[in-house]
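# Analysis of the macromolecular model
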Amino acid sequence: MILEYGEVEKHNTSESCYVILFGEIFDLTEFMKYHHKGGYAPLSCGGKDATGIFLSTHPLSVKKILKTKEFRRKYYIGKVSQYKPLFNYYDKFYIECKRAVEKYFDEHRDVLPRNRPQRYMEVFLISIVWIIAAMSMNKHRDPLRASIFGMMNIMVGFRIMHDLQHGALTNSRKIKTMFDILSSVGTVMSIPGWSKSHNYEHHTSPMLDDDPDCKINMARYHKNKTHKWYNTFQSIYTIPGYGLSSIMFELKELMQWTTLNKYPVGYRDGLMLSKLVRIGILKKIGCYDNMKNILSFYIPASLYYTLAICPSHMHIDNLDKEKNASYAKHQVSHSFNYNSTSRIVNYLTAGLNAQIEHHLFPSIDCRHLPLLRSIIKPICDKHGVAYNDQGYVQCMKGHLKYVRELGRIRDKSGVVK
Ligand SMILES: [Zn+2]
């Protein structure tokens, strides 16, 4: 059967979930409900071309499964009419990177790429600290406790939600569902919003046009985006704007609960309830008592979050970079590592300081990303792929220059008017 892309796009719910892999259409509705280790993760790319995210989150061998008679008999639907892939997904460079990393984990059986008991213990400990911070906030109801509690909310987002949604924390369906509910209570981000804008859109094509994952609404973050009069001043308001971003996040994410209908009823109700519990707790313990508490709860947390992620892609050296035909090379060339060998920075940012390795291997526990650097960098050097690795200050300067430069009016050829 040959289907138009628009027809495939309609199948994006748990009742009917199609995905496009290498130009072929698969109906993953039943597979996702009962067998897929990442649970409902395919819904983040339901009705879309999921080739990049599929390849990056699975071992190389999984491509063969798509060709087996058994799999095709159950799930194969047909082909997409006039399929034009966004990238060359399966090139020598990526295969070499994947093989080298898989070989490493094969040879070091004691180093688990995910399902690490230490991370499960960490989820437990972070939850305890989160509860203590909430109790302290409830007792004192002051701006200091509000800001500490706000930071703990971001820690839940970084250390639990991010790896969890990428399948880097666990591939047990039961544990994932439990942690989904837990992290929905614990952080400002929501699973539907996160898995759509981060897992799928950002990881599929970082910095192509207006990346939905890295932005505040009033800033111009890509030269293809129309320049508005206020963008001239964006180098002044962008950083303060970052400070308010998680307030916007909380409001936006709350509104996105109306889109939850694409999930199965039980799971949807669990997520919805956890968000209502979250807002109830924030109100009860005093985060919304007065404007000082509201701002103290959201601003330091927002800055922590945005200043950790924004310099990694929105960097002056990316300003005029075009799309690379190779998916993997595009991921590397449009990502910037900072302090990528530092264990402390790695912990505090949950591996977001090693964006190159994270984008190539999003389903590997963030703890291992600095280690993967020693495998990936030589392969990049061998293939002549620029490997962007800087100190944080330099990387941040690159980000500020990027924001300033896009505040200047440019014509389509990139010339400043
Ligand atoms: Zn990610």
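Residues numbered from 1 in each chain as written. Predicted model: local features only at pLDDT ≥ 70, side-chain atom pairs only at ≥ 80, totals over all residues.

## Details of the overall build of the protein chain
- Along the backbone of the protein chain there are 19 helices and seven strands.
- If you take every contact in the protein chain between residues at least 6 apart in sequence, the share linking residues at least 24 apart comes to 73%. (Helix = DSSP H or I, 4+ residues; strand = E, 2+ residues; numbered from the N terminus. Contact = placed C-beta atoms within 7 Å.)

## Concerning helix α12 (residues 245–255)
- Along α12, the residues classified as buried are Ser245, Ser246, Phe249, Glu250 and Glu253. Down the axis of α12, the smallest arc covering the buried residues is 140 degrees, so these residues share one side. The outward face of α12, more than 90 degrees from its buried face, is lined by the exposed residues Leu251 and Met255.
- On the buried face of α12, the contacting elements are α10 (191–204), α11 (234–243) and α14 (291–309). (Buried ≥ 20, exposed ≤ 12 C-beta atoms within 10 Å, placed from the backbone. Arc of directions from axis to C-beta.)

## Some words on the environment of Gly47
- Tracing the backbone through its elements, the reader meets Gly47 in the loop between α2 (29–34) and α3 (51–57).
- Discounting chain neighbours no more than four positions away, the residues touching Gly47 are Val8, Glu9, Lys10, His11, Asn12 and Tyr18.

## Here's the deal with the sheet that holds strand β3 (residues 16–21)
- Across the sheet, which stays open at both edges, the five strands sit in the order β1-β5-β4-β3-β2 with mixed pairing between neighbours. The open sheet has two free edges, formed respectively by β1 (2–3) and β2 (12–13), since each of these has just one partner strand.
- Relative to strand β5 (residues 76–80), strand β4 (residues 24–27) runs antiparallel, the two sharing three bridges. By the bridge assignment, Phe26 is partnered in β5 with Tyr76. (Pairing = 2+ DSSP bridges.)

## Some thoughts on the domain arrangement of the protein chain
- Once the domains are mapped, the protein chain shows domain 1 (2–80) and domain 2 (117–205 + 236–301).
- The greatest single-element share of the side of domain 1 that touches domain 2, amounting to four residues, is contributed by α3.
- Considering only residue class, the side of domain 1 that touches domain 2 consists of five nonpolar, nine polar and one charged. (Domains from an automatic or database assignment. Nonpolar A, V, L, I, M, F, W, Y, C, P; charged D, E, K, R; others polar.)

## Here's the deal with helix α18 (residues 369–383)
- With 15 residues, α18 extends 20 Å between its outermost C-alpha atoms, agreeing within 8% with the 21 Å of an ideal straight helix rising 1.5 Å per residue.
- Along α18, the largest kink reaches about 30 degrees and is centred on Ile375; proline Pro378 follows within four residues of it.
- Looking at α18, one finds that the buried residues are Leu369, Pro370, Leu372, Ile376, Ile379 and Cys380.
- In this structure, the buried residues of α18 make contact with α6 (92–107), α15 (327–333), α16 (343–349) and α17 (355–360). (Expected span 1.5 Å × (residues − 1). Bend = angle between axes of the 7 residues up to and from the residue.)

## Some points on the nonpolar core
- Cys97, Met137, Phe149, Ala328, Leu360 and Ile376 are the most contacted members of the largest nonpolar core, which totals 67 residues.
- With 10 residues, the single largest contributor to this core is helix α8 (residues 143–166).
- Dropping the residues within four chain positions of it, Cys97 is found in contact with Ala328, Leu360, Ile376 and Ile379.
- By size, the runner-up hydrophobic cluster in this structure holds 20 residues, among which are Ile20, Ile25, Ala41 and Tyr200. (Core = buried A, V, L, I, M, F, W, Y, C linked by C-beta atoms within 7 Å.)

## Things to note about the pairing of β3
- Counting buried positions along β3 gives five out of six residues, so the element sits mostly inside the fold.
- Pairing geometry for β2 and β3, over two bridges, is antiparallel. In the sheet register, Asn12 faces β3, and the bridge partner there is Cys17.
- Hairpin connection between β2 and β3: a loop of two residues separates the two successive antiparallel strands.
- The pairing of β3 with β4 spans four bridges and is antiparallel. Across the sheet, the residue bridging to Leu21 is Glu24, located in β4.
- Where β3 folds back on β4, the antiparallel hairpin that results is connected by two residues, among which Phe22 adopts a positive phi of roughly 55 degrees.

## Re the packing of α11 against helix α19 (residues 392–407)
- Here α11 crosses α19 at 130 degrees, and the two axes come no closer than 9 Å. The orientation of α11 with respect to α19, classified from their angle, is oblique. For the pair α11 and α19, the crossing hand works out as right-handed. In this structure, α11 contributes Gln234, Ser235 and Thr238 to the contact, and α19 contributes Val403, Arg404 and Gly407.
- The residue makeup of the contact of α11 with α19, split by class, is one nonpolar, four polar and one charged. (Axes fitted to C-alpha atoms, helices over the stretch in contact; angles between N-to-C directions. Parallel < 35°, antiparallel > 145°, perpendicular 65-115°, else oblique. Left-handed = near helix turned anticlockwise from the far one by under 90°.)

## Here's the deal with unusual backbone geometry
- Although it is not a glycine, Met207 adopts a positive phi angle of roughly 65 degrees.
- In this structure, Met207 sits in the loop between α10 and α11.
- Positive phi outside glycine occurs at Ala350, with the angle close to 50 degrees.
- With respect to the helices and strands, Ala350 occurs in the loop between α16 and α17.
- With 23 C-beta atoms counted inside 10 Å, the residue Ala350 sits in the buried group.

## Concerning the packing of α8 against helix α9 (residues 173–186)
- As a packed pair, α8 and α9 sit with axes 9 Å apart at the nearest point and diverge in direction by 155 degrees. With respect to α9, the element α8 is oriented roughly antiparallel. Here α8 runs over α9; the crossing is left-handed. Across the interface between the two elements, Asn153, Val156, Ile160, Met161 and Leu164 of α8 pack against Lys176, Phe179, Asp180, Ser183 and Gly186 of α9.
- Along the lines of polarity and charge, the residues of the contact of α8 with α9 split into five nonpolar, three polar and two charged.

## Details of the environment of Thr57
- Topologically, Thr57 is positioned in helix α3.
- Judged by the 20 C-beta atoms lying within 10 Å of it, Thr57 is buried.
- Look past the residues within four positions of Thr57 in its chain and what remains in contact with it is His166, Gly167, Pro362 and Ser363.

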